[in-house]
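# Secondary and tertiary structure notes
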Amino acid sequence: MSLVTTTEMFKKAYEGGYAIGAFNVNNMEIVQGITEAASELKAPVILQVSAGARKYANHTYLVKLVEAAVHETDIPIALHLDHGADFDICKACIDGGFTSVMIDGSSRSFEENIEVTRKVVEYAHDHGVVVEAELGKLAGIEDAVNVSDEDAQFTNPNEVEEFVTKTGVDSLAIAIGTSHGAYKFKPGQKPQLRFDILEEVGKRLPGFPIVLHGASSVPQDLVKVINQYGGAMPDAIGIPEDMLRKAATMAVCKINIDSDVRVAMTAAIRKYMAENPSHFDPRQYLAPARTAVKDMVSHKIQEVLGCAGKA
Ligand code: G3H
Ligand code: 13P
Ligand code: ZN
C-alpha cells in the first residue's frame, strides 16, 4: 500500500461513529511504535509532523521513516503536517510527499484565516493533497504555538458554514475545551468539554469531518512513574477518555495525541535508566520506550478511537 489521504478514512469514520488517531512523530522509535500497534490492530492511522519535528529530525528523514512504515505494513497511513503556520510550510510539505496538511490560521482574523486557508486548499487540491484548518483557539504550548488560557476561544458555530464554503477545506479543527500539552486543567478543576458546540457544528456541517486537537489524557500512573524515578512533573490533568469516546461517536473523525506518547516514552526511559544505571547503549533504553509508544497507541485505538479492524 502507498501513503493515502484522509478522505476515505474520514468518510468511513464519520459513518461508523469512530475516529482515526493522529499521532505526532519525531524519530524512528515513535514511527515504529505507532505503526506496529496500528498494524497489529488493523487500524488506519495518521502520522503527523509539526514544524518542530521537521526542525528536529529533518523533513526528508521523517518522510523516509514514514515511507518505511508504509512498506512494512498493509494499513492505510496518511502523512500530515500538524499546525502549518503559513502557506510556505504547507507548500513545502505538499511538494515534499505529505498527503495532508493543516493550515493553522486560528491566530488570524476570520477573514485572514479564510484567505490563507483558501490559498493552501487551491494549491493542495491541485496536487492531490487534503487540508485541515482551524476555527477557534486552543490554549496550550507547543514549539510553534503558545496560547494563554485567556486568549483561548471556543469555536463559534455560526461561523463554520461560511468558513468551510469559502475555503473548500476538507476537515476542520474546533475548540471545545481541549488544549495542548500535559496541563489542560488547573488542579481541582473538573475537566469539561463543550459538547453543545460540537453538536451544533455537526448540525451545521452534516457529514463533514471535525478534528480534535489537544486530546491527550495524561495518565496519572505514568506521571507517577516519571516522578518516582527522578522526574518532577506537576499535577497534570488531561481529557478524560470517556469524553473522547463520546466525541468520536459524534462528528469528530480525527483525534490528535502527542503528549500521552511523550509521557509514555519518558516514563519508560526514566524507569529503565534508574533500574539499569550502568547501561549506556541507547538501544537498551529506546527499545522499552518504543514498546511504551506501541502500548499507548494500542490502548488509544481500542479504548478511545474505536478504529481497530477498520483498515
Ligand atoms: O500540537 C502539537 C504537537 O504536540 C507538536 O508539538 O510543536 O512541540 O512538536 P511540537
Ligand atoms: P496533546 O498535547 O493533547 O497530545 O495534543 C496534540 C495535538 O493536538 C497535536 O496537534
Ligand atoms: Zn494540535
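Whatever comes next refers back to the structure up there.
Here's what I pulled together on the structure shown here. (Residues numbered from 1 in each chain as written. Chains lettered and ligands numbered in written order. Predicted model: local features only at pLDDT ≥ 70, side-chain atom pairs only at ≥ 80, totals over all residues. Heavy atoms only, no water.)

### Side note on the nonpolar core
If you look at the biggest cluster of nonpolar residues, it comprises 102 residues, and the most contacted ones within it are Ile-34, Val-101, Leu-172, Leu-198, Ile-210 and Ile-255. The leading source of residues in this core is helix H12 (residues 282–305), at eight residues. Look past the residues within four positions of Ile-34 in its chain and what remains in contact with it is Phe-23, Asn-24, Val-25, Val-45, Leu-47, Val-293 and Val-297. (Core = buried A, V, L, I, M, F, W, Y, C linked by side-chain atoms within 4.5 Å. Buried < 20%, exposed > 50% of the residue type's maximum accessible area, 1.4 Å probe, protein only. Helix = DSSP H or I, 4+ residues; strand = E, 2+ residues; numbered from the N terminus. Contact = heavy atoms within 4.5 Å.)

### A look at the environment of Ala-251
Secondary-structure assignment places Ala-251 in the loop between helix H10 (241–249) and strand S10 (252–257). The spacing of Ala-251 and Ile-174 is 77 residues in sequence and 11 Å in space, taken between C-alpha atoms. Non-local contacts of Ala-251, meaning those with residues more than four positions away in its chain, are made with Tyr-14, Leu-198, Gly-202, Phe-208, Pro-209 and Ile-210.

### As for unusual backbone geometry
Excluding glycine, residues mostly carry a negative phi; peptide bonds, for their part, are mostly trans. Positive phi is not limited to glycine here, since Lys-42 has a value of about 50°. Topologically, Lys-42 is positioned in the loop between helix H2 (28–40) and strand S2 (45–49). Of note in this structure, Val-218 is not a glycine but carries a positive phi near 50°. What makes Val-218 buried here is its relative accessible area of 1%.

### Considerations on the coordination of the zinc ion (ligand 3)
For a metal with four tetrahedral donors the ideal donor-metal-donor angle is 109.5 degrees, while six octahedral donors give ideal angles of 90 or 180 degrees. The zinc ion (ligand 3) binds to the protein through His-83 (NE2), His-180 (NE2) and His-213 (ND1), with metal-donor distances spanning 2.0 to 2.1 Å. Mapping the donors of the zinc ion (ligand 3) onto the primary sequence yields the spacing H-x96-H-x32-H. Linking His-83 in strand S3 (residues 77–84) with His-180 in the loop between strand S8 (171–174) and helix H8 (195–204), this pair joins segments that are 97 residues apart in sequence. (Donors = N, O, S within 2.8 Å, 3.2 Å for Na, K, Ca; no water.)

### Description of the site of ligand 2
The immediate surroundings of ligand 2 are formed by 16 residues, with Asp-82, Lys-184, Ser-216, Asp-258 and Ser-259 found nearest. One of the side-chain N or O atoms of His-213 is found 3.1 Å from an oxygen atom in ligand 2. Contacts to ligand 2 include Asn-256, whose side-chain N or O atom sits 3.1 Å from an oxygen atom. Protein chains shield 96% of the accessible area of ligand 2, which is 310 Å² for the free molecule. Counting only elements with at least two residues in the shell around ligand 2, the list comes to S3 and S10. (Near = heavy atom within 4 Å. Polar contact = N/O pair within 3.5 Å; in protein donor to acceptor, adjacent residues only side chain to side chain. Areas by Shrake-Rupley, 256 points an atom, 1.4 Å probe, with all protein chains shown as cover.)

### Considerations on H10
Of the residues making up H10, those classed as buried are Glu-241, Met-243, Leu-244, Ala-247 and Ala-248. Buried residues of H10, viewed axially, fall in a sector of 155°; they line one side. Contacts from the buried residues of H10 go to H8, strand S9 (210–212), S10 and H12. (Arc of directions from axis to C-beta.)

### Re the side chain of Ser-179
Examined against the element boundaries, Ser-179 turns out to sit in the loop between S8 and H8. A relative accessible area of 6% means that Ser-179 is categorised as buried. Ignoring sequence-local partners within four residues, the contact set of Ser-179 consists of Leu-138, Ala-139, Lys-184 and Gly-214.

### What about the packing of H2 against H12?
To characterise two packed helices, one gives the angle between the axes of the helices and the distance between these axes. Direction vectors running N to C along H2 and H12 enclose 40°, while the axes themselves pass 8 Å from each other. It follows that H2 is oblique to H12 by the angle criterion. In terms of crossing hand, the pair formed by H2 and H12 is right-handed. Of H12, the residues touching H2 (which contributes Met-28, Glu-29, Ile-30, Gln-32, Gly-33, Ile-34, Glu-36, Ala-37, Ala-38 and Glu-40) are Leu-286, Arg-290, Val-293, Lys-294, Val-297, Ser-298 and Ile-301. (Axes fitted to C-alpha atoms, helices over the stretch in contact; angles between N-to-C directions. Parallel < 35°, antiparallel > 145°, perpendicular 65-115°, else oblique. Left-handed = near helix turned anticlockwise from the far one by under 90°.)

### A look at the pattern of salt bridges
Evaluated as defined, the whole model comprises 15 salt bridges. Across the pair Arg-194 and Asp-196 runs a salt bridge whose closest N-O atoms are separated by 2.8 Å. Here Arg-194 falls in the partly exposed class, since its relative accessible area comes to 34%. With a relative accessible area of 45%, Asp-196 lands in the partly exposed category. For the salt bridge of Arg-283 with Asp-281, the shortest nitrogen-to-oxygen distance reads 3.1 Å. Using a relative accessible area of 65% as the deciding quantity, one classes Arg-283 as exposed. Assessed through its relative accessible area of 25%, Asp-281 is described here as partly exposed. (Salt bridge = Lys/Arg side-chain N within 4 Å of Asp/Glu carboxyl O.)

### Some remarks on the sheet that holds strand S4 (residues 100–103)
Here we have eight strands rolled up into a closed barrel, ordered S1-S2-S3-S4-S5-S8-S9-S10, and parallel in their pairing. Along the sheet, successive strands turn relative to each other by an average axial angle of 25°, direction set aside. Along the sheet, helix H4 (residues 59–72) contacts S2 and S3; its crossing angle with S3, the most-contacted strand, is approximately 155°. Set on the sheet, H12 makes contact with strand S1 (20–24) and S10; between it and S1 the angle comes to about 150°. (Pairing = 2+ DSSP bridges.)

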